[in-house]
Amino acid sequence: MIDTDPGIDDALAILYLATRPEVEIVAIGTVHGNTTAHQAALNILRVLDIADHPDVPVAVGAARPLAQPLHTAEFVHGPDGLGGHPGPPSTRDLAGTSAAEQLVRLARDHPGGLTLLALGPLTNLALALLLEPELPHLVGRVVAMGGALAVPGNITPYAEANLWHDPEAADLVLAAGFDLTLVPLDVTESVRADRAWYDALAHAGTRRARFATAILRHYGTFYETVLGRPEYTLHDPLAAVLTLDPALAEHRMLPVAVELTGTHTRGRLVADLRLLAEDADLPGVITDRAPVAVATAVDAPIVLDRLLSALT
């Protein structure tokens, strides 16, 4: 199951998973973030049409964060979330339930059988937790793209966008006890496609490649403005690849939290990175929650090759 806010790189992550014969996408829920939750749902229907997955139910999720005003990221992803190139609207209907309710129902129906890939703010997952406190024991595994552990943030100097868009929801999820892998900017910032990768995609000619090439144009313009060179940082596709092949990354088990009250650091991923003995009696250690697996390094060339192969 996917929870997402497409978003250019979200769309590429879905297209990647749709090519994998070992993957069954059972449902998708949308959340505010890169665009509105409703626009994200319309975008997903279009992506699923491109991917020839017409039967995947799509539910609209949380329209705003739990405790702060709504912010969206059209400056990164374009006015429609897909770089101004969404393609024709889908003729499919959206599901008649909320994304949180959809998640709870499927988790109850298939205890231990779902992997949840969360590519946006974690509001829907937090709401699902409030509906079903046993959710961490019903969902088999969660992989979430979010946070910046030992690198700068990308929406503030300290915070990554997905966590910053709803810090309260993120902290609730990280403390809940899920079997959870976190894919932070520490690794996603290393998965940057260059112009040669983009040109290979553009020359492929497949329906998926044409769609991906079109939506990536706006993304490349944004990153050229930010980085001074035309590159494409593939945050969410990396999370999709690691969901299927976690061995491509190195991980560190850490209890983590999200800063909720800092004047300058709200939304920051917090972890104790000191190498301390287990019995060290020092302040500042997060002791009230189970550790999660945080990706700390990744084999970026292999990830980029797999993504290009899937799209072409």
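Because the structure is predicted, anything quoted here is derived from the model rather than measured. (Residues numbered from 1 in each chain as written. Predicted model: local features only at pLDDT ≥ 70, side-chain atom pairs only at ≥ 80, totals over all residues. Heavy atoms only, no water.)

> Could you give an account of the packing of helix α1 (residues 8–18) against helix α11 (residues 207–227), with specific residues and numbers?
How two helices sit against one another is set out by the angle between their axes and by the gap between those axes. Here α1 crosses α11 at 160°, and the two axes come no closer than 10 Å. By the angle between their axes, α1 is roughly antiparallel relative to α11. Here α1 runs over α11; the crossing is left-handed. Counted together, Ile8, Asp9, Ala11, Leu12, Leu15 and Ala18 of α1 and Arg208, Phe211, Ala212, Ile215, Leu216, His218 and Tyr219 of α11 form the full contact between these two elements. Taken together, the residues of the contact of α1 with α11 sort by class into ten nonpolar, one polar and two charged. (Axes fitted to C-alpha atoms, helices over the stretch in contact; angles between N-to-C directions. Helix = DSSP H or I, 4+ residues; strand = E, 2+ residues; numbered from the N terminus. Parallel < 35°, antiparallel > 145°, perpendicular 65-115°, else oblique. Left-handed = near helix turned anticlockwise from the far one by under 90°. Contact = heavy atoms within 4.5 Å. Nonpolar A, V, L, I, M, F, W, Y, C, P; charged D, E, K, R; others polar.)

> Got a sec to walk through the pairing of strand β12 (residues 292–298)? Specific residues and values, please.
Summarising burial for β12: five of the seven residues are buried, a large majority. With two bridges joining them, strand β6 (residues 180–183) and β12 adopt parallel strand pairing. Bridge assignment links Leu182 to a residue of β12, and that residue is Val294. Here six bridges tie strand β9 (residues 249–254) to β12, and the two strands are oriented antiparallel to one another. Bridge assignment links Leu254 to a residue of β12, and that residue is Val292. (Buried < 20%, exposed > 50% of the residue type's maximum accessible area, 1.4 Å probe, protein only. Pairing = 2+ DSSP bridges.)

> Account for the layout of surface pockets, with residues named and values stated.
The space that makes up the largest pocket amounts to roughly 360 Å³. Along the walls of the largest pocket sit 23 residues, with Val76, Asn154, Ala161, Tyr223 and His235 positioned nearest its centre. Of all the secondary-structure elements, those providing two or more residues to the lining of the largest pocket are α3 (74–77), α7 (161–165), α11 and α12 (235–244). In terms of residues, the lining of the largest pocket owes the most to one element, α11, which gives five residues. The residue makeup of the lining of the largest pocket, split by class, is twelve nonpolar, six polar and five charged. (1 Å grid on protein atoms, 1.4 Å probe; cavity = no way out; pocket = protein on both sides within 12 Å on 5 of 7 lines; lining within 4 Å. Points joined across faces, edges and corners; volume = space filled by probe spheres on them.)

> Any details on the sheet that holds β6? Residues and values, ideally.
If you trace the eight strands from one edge of the open sheet to the other, you get β3-β2-β1-β4-β5-β6-β12-β9, paired in mixed fashion. Two strands close off the open sheet at either side, each with one partner strand: β3 (58–60) and β9. Going across the sheet, the axis of each strand differs from the next one's by a mean of 20°, ignoring polarity. Pairing of strand β5 (residues 141–145) with β6 involves four bridges; the strand directions are parallel. For Val142, the partnering residue across the bridge sits in β6 and is Leu180. On top of the sheet, α1 reaches β1 (2–4), β2 (28–30) and β4 (115–118); it is set at about 165° to β1, its chief contact. Sheet strands touched by helix α2 (residues 37–50): β1, β2 and β3. Its angle to β3, the strand with the most contacts, is close to 170°.

> Account for helix α4 (residues 99–109), naming residues and giving values.
All buried positions along α4 are accounted for by Ala99, Ala100, Gln102, Leu103, Val104, Leu106 and Ala107. The secondary structure elements touched by the buried residues of α4 are β1, β2, β3, β4, α5 (123–131) and α6 (135–138).

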